[in-house]
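Spelled out, the chains give:
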Number of protein chains: 4
Amino acid sequence: MTVRLGVTGATGRMGREVIAAATSHVDCEVVFAVNRNPTDEAVDGIEIESASEFDSLLVDREPTVVIDFTGPESAVEYAEGCADAGVAFVTGTTGFDDDGREALEAASEDVAVLHAPNFARGVQALLNVVGEAVRNLPGYDVELVETHHNAKRDAPSGTANRLLSEIEANGNFTERTHGRDGEAPREEGEIGVHALRAGDITGEHEILLAGNHEEVRLTHRAEDRGVFAAGAVDAAIWIAGQKAGSYDFADVIAE
Amino acid sequence: MTVRLGVTGATGRMGREVIAAATSHVDCEVVFAVNRNPTDEAVDGIEIESASEFDSLLVDREPTVVIDFTGPESAVEYAEGCADAGVAFVTGTTGFDDDGREALEAASEDVAVLHAPNFARGVQALLNVVGEAVRNLPGYDVELVETHHNAKRDAPSGTANRLLSEIEANGNFTERTHGRDGEAPREEGEIGVHALRAGDITGEHEILLAGNHEEVRLTHRAEDRGVFAAGAVDAAIWIAGQKAGSYDFADVIAE
Amino acid sequence: MTVRLGVTGATGRMGREVIAAATSHVDCEVVFAVNRNPTDEAVDGIEIESASEFDSLLVDREPTVVIDFTGPESAVEYAEGCADAGVAFVTGTTGFDDDGREALEAASEDVAVLHAPNFARGVQALLNVVGEAVRNLPGYDVELVETHHNAKRDAPSGTANRLLSEIEANGNFTERTHGRDGEAPREEGEIGVHALRAGDITGEHEILLAGNHEEVRLTHRAEDRGVFAAGAVDAAIWIAGQKAGSYDFADVIAE
Amino acid sequence: MTVRLGVTGATGRMGREVIAAATSHVDCEVVFAVNRNPTDEAVDGIEIESASEFDSLLVDREPTVVIDFTGPESAVEYAEGCADAGVAFVTGTTGFDDDGREALEAASEDVAVLHAPNFARGVQALLNVVGEAVRNLPGYDVELVETHHNAKRDAPSGTANRLLSEIEANGNFTERTHGRDGEAPREEGEIGVHALRAGDITGEHEILLAGNHEEVRLTHRAEDRGVFAAGAVDAAIWIAGQKAGSYDFADVIAE
């Protein structure tokens, strides 16, 4: 059964990637795409319509799921529209405040809602195994290296922080160290966190566990934004069969 | 409580490493070390005695565990001596035939016996997580690269084969390919297996999972033989508290 | 001074990348873009015109350089048009036969012509340093690993072959080995060549030199096709100031 | 012709490695080994004599070269003894003050003296090529990652600093940044320097150059201290044929 998708933020960087991923996926089709500021230029053959038409498009085109990468206010409005229309909602939008999160929660009482900060399946896989690796190697030193393009302004990355939380939940770690210079001996319980910024690198994360004359490295690398779009489409196809409720990307992978 | 160790094959490469690892470990002490051809030269301050004294040393020095890296015939004799004396037995010897395996099994009715082809804790950690990673990334291509010193004659390594079995048990893989040259398109279900041989590299294994615009890499590297000795000592300390039976290295890690 | 560019094969994968790279580069502008089968859809705001208009566009729009990623027959026609019009010609087209190469050579008597199989500056940098690394490490074992997406049908890659030629020109190597399985001891003078095929990886090449308890690795990775387009644009800007003759990408880097 | 070697600091960590490397090298033999505090235990079959016998051993055993890994005061005394006896001197001792350096310089008027902070041939190879790589990739971002065992107290490593100097001499770099945390955008001309400390890793250095949708990585890894001993022995064999003067390890590699 083909899953019918609506796409918001359709002319943004992630919206375009979602349309590209969805139109090339055999199990779904894009039945509409909207943007606040629609353009005449189609995206991968999909006409861009005005966001003001969103509610009537939900009725007319009968999507099963809407995929949203916009801003927190827009996302809440789209979620509420979907809840009213009985359409599932997948969002990778970030930056929700408490009100926003509550609104998503409320929508999830009517329809299936999935919110994820990162739709890379491989990141989820790493999150799923890093804890066991840490538990298997007690007393080993842990260092994390993350590498991103030179325009990224904050450090460490959100994904690095999620990996660090998972590591810390599975071992005796007391401190994160960002950079060593001069007299800087390694302290017991310290995790070294290193943020490289260079070129156009989409995103790479490496966890090093070393001790006992050996090293284990767990590494993830995103080639380009396509990985996040592909994961969002996977999530949409998965959520099409779910009942109302709040989901995250780990649920998709667990199947 | 300090674990009292006997060491066999004490002047061999692994025997020396075991003595070094054990004498520097706070929780154990070496109470004797034997070799078929004893030498006058002590190893890390431990006197080397004749293998012909093994049975009387078991009685006089009261070891809790014997660690053995010798050959399959010697190992069986040492195991039988330990079974008679009520001393646990940890062996990393390889190449046992059916008779040898049966003899180890028989010894394990009287005492705790642990036999492992590889005492690197990190290899065990990788074996423990690779299956979940493969299940989390269905349809991703898998390639394995293993790198060893230039004197290794066989390929792929035993550890590579164990990793491959674990990968295959968790996904739809039908074939292992060793090398591509000329017209060599990747086939569905194929795992590429690549054996690099170079310099003095003790051993490195990398599993690459790629698909969907992303890559996950799981890598293990042994710095030197010390890792195997350290793992054998860990195993000996662990087995000191176990009842008679047959164990492997995964049991040590699971604690 | 802004370099005025014409682009051929404008709706192909590389043509689109060239237009994207050129329109975002401060030192050049795209004055026309042609394709055999023109479409109504503009590429990055550049109108696509018919290849049949090529000769008159050379006159009317006065480009300084044409960048071409098409097929060998088309490329020869475009080169001849450029030679007649006094416009420099940069081509990344592959698969020329002897006649094609002679036609490019003939064109280079009238205008500057640059032909390169790979416009990644980093590949050229690696080609420029690998020889010295090999000479500095006599007797070290060399292995080459190249990784590409799972749709690449041939192995090893053209870039791998160029790196191998450079390595062989600087050391005593007698044989390339593609894959080791079973009893496969490393032979003196052997270079191991390993072709990984997985996922969507654009292209990675790694040269390992190991011996004497140490390893040197020289690695190149292309993030996406943009690197080749960017290199072609760099080459076009460079060639704008050159006199008639035949050039390759190493000349661009050498400046 | 076999080169006759004397070894100082013979029971120290590096002294032992030098004896191991020299006794297994076909082109040299160890004719004496001394230590301030001699022990009864031989090292690889070589008897350890008292440092007080050094001058008479130079006469009686007729070494061609002495290899020294001791402390700065001892090294100066040994160098002066060698200068008097007409024996070449190779030292990897660090921490010389101005007086010490002058004393080595004075010795080099009588005999060939080679002083090097790092005898890894691969490090020298990297130093020899990194400048060209940087010049070939103008405007690319540079980051350096160095990884050492968890007992190393200072950062970055001496080898990292030498690589950084070489990089800076070949590009427009204005600043070294050690660690990024929080709002930390990459600045023009910045080199990120990252010191990982973990486990027993002997030493790894990686230079990343990224830009233009591509990456080049140049990496060195020492397996163990044996690499430094092997390099010192190579240097001793090389210097055996040189006239009086001051040399460094790059001279050995250049041949």
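Residues numbered from 1 in each chain as written. Chains lettered and ligands numbered in written order. Predicted model: local features only at pLDDT ≥ 70, side-chain atom pairs only at ≥ 80, totals over all residues. Heavy atoms only, no water.

- In the annotation of an unreviewed UniProt entry, the entry for chain A reads 4-hydroxy-tetrahydrodipicolinate reductase, and the organism field reads Natrinema halophilum.
- Reading the Function (unreviewed entry) entry of the UniProt record for chain A gives the comment "Catalyzes the conversion of 4-hydroxy-tetrahydrodipicolinate (HTPA) to tetrahydrodipicolinate." (UniProt positions renumbered as here; feature names shortened; annotations may be inferred.)

### Topic: the nonpolar core
- Membership of the largest hydrophobic core comes to 122 residues, with the highest contact counts inside it found for L114 of chain A together with L114 of chain B.
- Setting aside its immediate chain neighbours within four residues, L114 of chain A contacts F89, V90, T91, F119, A235, W238, I239, Y247, D248, F249 and V252 of chain A.
- Membership of the second largest hydrophobic core comes to 121 residues, among which are L144 and A222 of chain C together with A160 and L218 of chain D. (Core = buried A, V, L, I, M, F, W, Y, C linked by side-chain atoms within 4.5 Å. Buried < 20%, exposed > 50% of the residue type's maximum accessible area, 1.4 Å probe, protein only. Contact = heavy atoms within 4.5 Å.)

### Some points on the interface of chain D and chain A
- The interface is formed by 37 residues belonging to chain D together with 37 residues belonging to chain A.
- With both chains or domains summed, chain D and chain A bury close to 2900 Å², and 49% of this area falls on carbon and sulfur atoms.
- Together, R153, R180 and L196 of chain D form the three largest contributors to the area buried by chain D at its contact with chain A, with a combined 18%.
- Linking chain D with chain A are 6 salt bridges. (Buried area = accessible area lost by both parts, 1.4 Å probe. Salt bridge = Lys/Arg side-chain N within 4 Å of Asp/Glu carboxyl O.)

### A closer look at the packing of aromatic side chains
- As enumerated under the stated definition, the model contains 20 aromatic pairs over all chains in all.
- Arranged with centres 5.9 Å apart and planes meeting at 75°, the rings of F32 of chain C and F54 of chain C form a pair that is edge-to-face. Placement of F32 of chain C in strand β2 (residues 28-35) and of F54 of chain C in helix α2 (residues 54-61) is noted, with a sequence separation of 22 residues between them. As far as burial versus exposure is concerned, F32 of chain C and F54 of chain C are alike and both buried.
- One aromatic cluster is present, formed by F32, F54 and Y78 of chain A through successive ring pairs. (Phe/Tyr/Trp six-rings, centres within 6.5 Å; stacked < 30°, edge-to-face > 60°. Helix = DSSP H or I, 4+ residues; strand = E, 2+ residues; numbered from the N terminus.)

### A closer look at the packing of helix α5 (residues 121-136) of chain C against helix α5 (residues 121-136) of chain D
- The N-to-C vectors of α5 of chain C and α5 of chain D enclose an angle of 155°; their axes lie 9 Å apart at closest approach. By the angle between their axes, α5 of chain C is roughly antiparallel relative to α5 of chain D. For the crossing formed where α5 of chain C meets α5 of chain D, the hand is right-handed. On α5 of chain D, the residues that touch R121, Q124, A125, N128, V129, E132, A133 and N136 of chain C of α5 of chain C are R121, Q124, A125, N128, V129, E132, A133 and N136 of chain D.
- Class assignment for the residues of the contact of α5 of chain C with α5 of chain D results in 6 nonpolar, 6 polar and 4 charged. (Axes fitted to C-alpha atoms, helices over the stretch in contact; angles between N-to-C directions. Parallel < 35°, antiparallel > 145°, perpendicular 65-115°, else oblique. Left-handed = near helix turned anticlockwise from the far one by under 90°. Nonpolar A, V, L, I, M, F, W, Y, C, P; charged D, E, K, R; others polar.)

### Digging into the domain arrangement of chain A
Residues and elements named next belong to chain A.
- By the assigned domains, chain A splits into domain 1 (3-119 + 225-253) and domain 2 (121-222).
- Summarising the inter-unit geometry, the C-alpha centres of domain 1 and domain 2 are found 31 Å apart.
- Each partner contributes to the interface: domain 1 provides 11 residues, whereas domain 2 provides 8 residues.
- Carbon and sulfur atoms make up 57% of the area that domain 1 and domain 2 hide from each other, which totals about 780 Å². (Domains from an automatic or database assignment.)

### Thoughts on helix α2 (residues 54-61) of chain D
All names here are of chain D.
- Along α2, the residues that are buried comprise F54, L57 and L58. Taken down its axis, α2 places every buried residue within 105° of arc, on the same side. For α2, the exposed residues set more than 90 degrees away from the buried face come down to V59 and D60.
- Contacts made by the buried residues of α2 are with β2 (28-35), β3 (49-50), β4 (65-68) and α3 (72-85).
- In the stretch just after α2, E62 is the one whose phi turns positive, near 50°. (Arc of directions from axis to C-beta.)

### Topic: the pattern of salt bridges
- Counted under the stated rule, the structure contains 76 salt bridges over all chains.
- For the salt bridge of R180 of chain C with E190 of chain C, the shortest nitrogen-to-oxygen distance reads 2.8 Å. Taken together, the residues R180 of chain C in the loop between β9 (175-177) and β10 (182-183) and E190 of chain C in strand β11 (residues 190-197) connect sequence positions 10 residues apart. In this pair, the class of R180 of chain C matches that of E190 of chain C, namely buried.
- Here R221 of chain C and E204 of chain C are joined by a salt bridge, their closest N and O atoms 2.7 Å apart. Of this pair, R221 of chain C sits in strand β13 (residues 214-222) while E204 of chain C sits in strand β12 (residues 203-211), placing them 17 residues apart in sequence. Neither residue differs from the other here; R221 of chain C and E204 of chain C are each classed as buried.
- Each of E204 and R221 of chain A, E223 of chain C together with E206, E215 and R217 of chain D takes part in one network of salt bridges that share partners.

### Looking at the environment of L209 of chain C
- Positionally, L209 of chain C belongs in strand β12.
- Distance from L209 of chain C to A133 of chain C, taken between C-alpha atoms, is 8.6 Å for residues 76 residues apart in sequence.

### Remarks on the UniProt feature "active site" (unreviewed entry) in chain A
- Per the UniProt record, the feature "active site" (unreviewed entry) sits at H148 and K152 of chain A.
- For H148 of chain A, a relative accessible area of 8% corresponds to the buried category.
- Apart from the residues lying within four places of it in its own chain, the contact partners of H148 of chain A are S157, L196, R197, A198, I201, T202, G203 and H205 of chain A.
- Among the polar contacts listed, one links the side chain of H148 of chain A to the side chain of E146 of chain A, at a separation of 2.8 Å.
- Relative to the elements of secondary structure, K152 of chain A occurs in the loop between β7 (141-148) and β8 (154-155).
- Among the residues examined, K152 of chain A registers a relative accessible area of 17% and is labelled buried.
- For K152 of chain A, the residues in contact, after removing those within four places along its chain, are S157 and R197 of chain A together with P185 of chain D. (Polar contact = N/O pair within 3.5 Å; in protein donor to acceptor, adjacent residues only side chain to side chain.)

### A short note on the relation of the copies chain C and chain B
- You can overlay chain C on chain B at an RMSD of 0.1 Å; the transform is a turn of 180° with a shift of 0.0 Å along its axis. What we have between these two chains is a two-fold relation. Ranked by how close their C-alpha atoms come to the rotation axis, the residues of chain C are headed by G179 of chain C, at 1.8 Å.
- A share of 100% of interface residues in chain C that are also interface residues in chain B marks the association as one of identical surfaces. (Least-squares fit on C-alpha atoms with pLDDT ≥ 70 in both.)

### Some thoughts on the sheet that holds strand β2 (residues 28-35) of chain A
Residues and elements named next belong to chain A.
- In space, the 7 strands of this open sheet follow the order β3-β2-β1-β4-β5-β6-β14, with parallel pairing throughout. A single partner strand is all that each edge strand has here, and the edge strands are β3 (49-50) and β14 (245-247).
- When strand β1 (residues 3-7) meets β2, the two strands line up parallel, connected through 5 bridges. Counted as the bridge partner of V7 is A33 from β2. (Pairing = 2+ DSSP bridges.)

### Examining the relation of the copies chain D and chain A
- If you rotate chain D by 180° and push it 0.0 Å along the axis, it lands on chain A with an RMSD of 0.0 Å.
- A shared interface surface links the copies, since 100% of the contact residues of chain D are contact residues in chain A too.

### Things to note about the side chain of E204 of chain D
- Given a relative accessible area of 14%, E204 of chain D falls into the buried group.
- Among the polar contacts made by the side chain of E204 of chain D, one reaches the side chain of R221 of chain D at a distance of 2.7 Å.
- The contact partners of E204 of chain D, leaving out residues within four places of it in the chain, are R217 of chain A together with V145, E146, T147, T219, H220 and R221 of chain D.

### With respect to the environment of A42 of chain C
- By secondary structure assignment, the location of A42 of chain C is in the loop between β2 and β3 (48-50).
- With 31 residues separating them along the chain, A42 of chain C and T11 of chain C place their C-alpha atoms 9.1 Å apart.

### Some words on the interface of chain C and chain B
- Each side of the interface is counted separately: chain C has 37 residues, and chain B has 37 residues.
- Where chain C abuts chain B, roughly 2900 Å² becomes buried across the two surfaces, and 50% of that area is made up of carbon and sulfur atoms.
- There are 6 salt bridges connecting chain C and chain B.
- Note that E183 of chain B is salt-bridged to R153 of chain C, the shortest N-O span being 3.1 Å.
- At the boundary of chain C with chain B, the tally comes to 20 residue pairs in polar contact (both at pLDDT 80 or more).
- Within the residue set of the side of chain C that touches chain B, elements represented by two or more residues are β7 (141-148), β8 (154-155), β10, β11, β12 and β13 of chain C.
- Residue composition of the side of chain C that touches chain B, grouped by class: 11 nonpolar, 10 polar and 16 charged.
- Direction of pairing for strand β10 (residues 182-183) of chain B relative to β8 of chain C: antiparallel, over a ladder of 2 bridges. Residue pairing for β8 of chain C: E183 of chain B is matched across the bridge by D154 of chain C.

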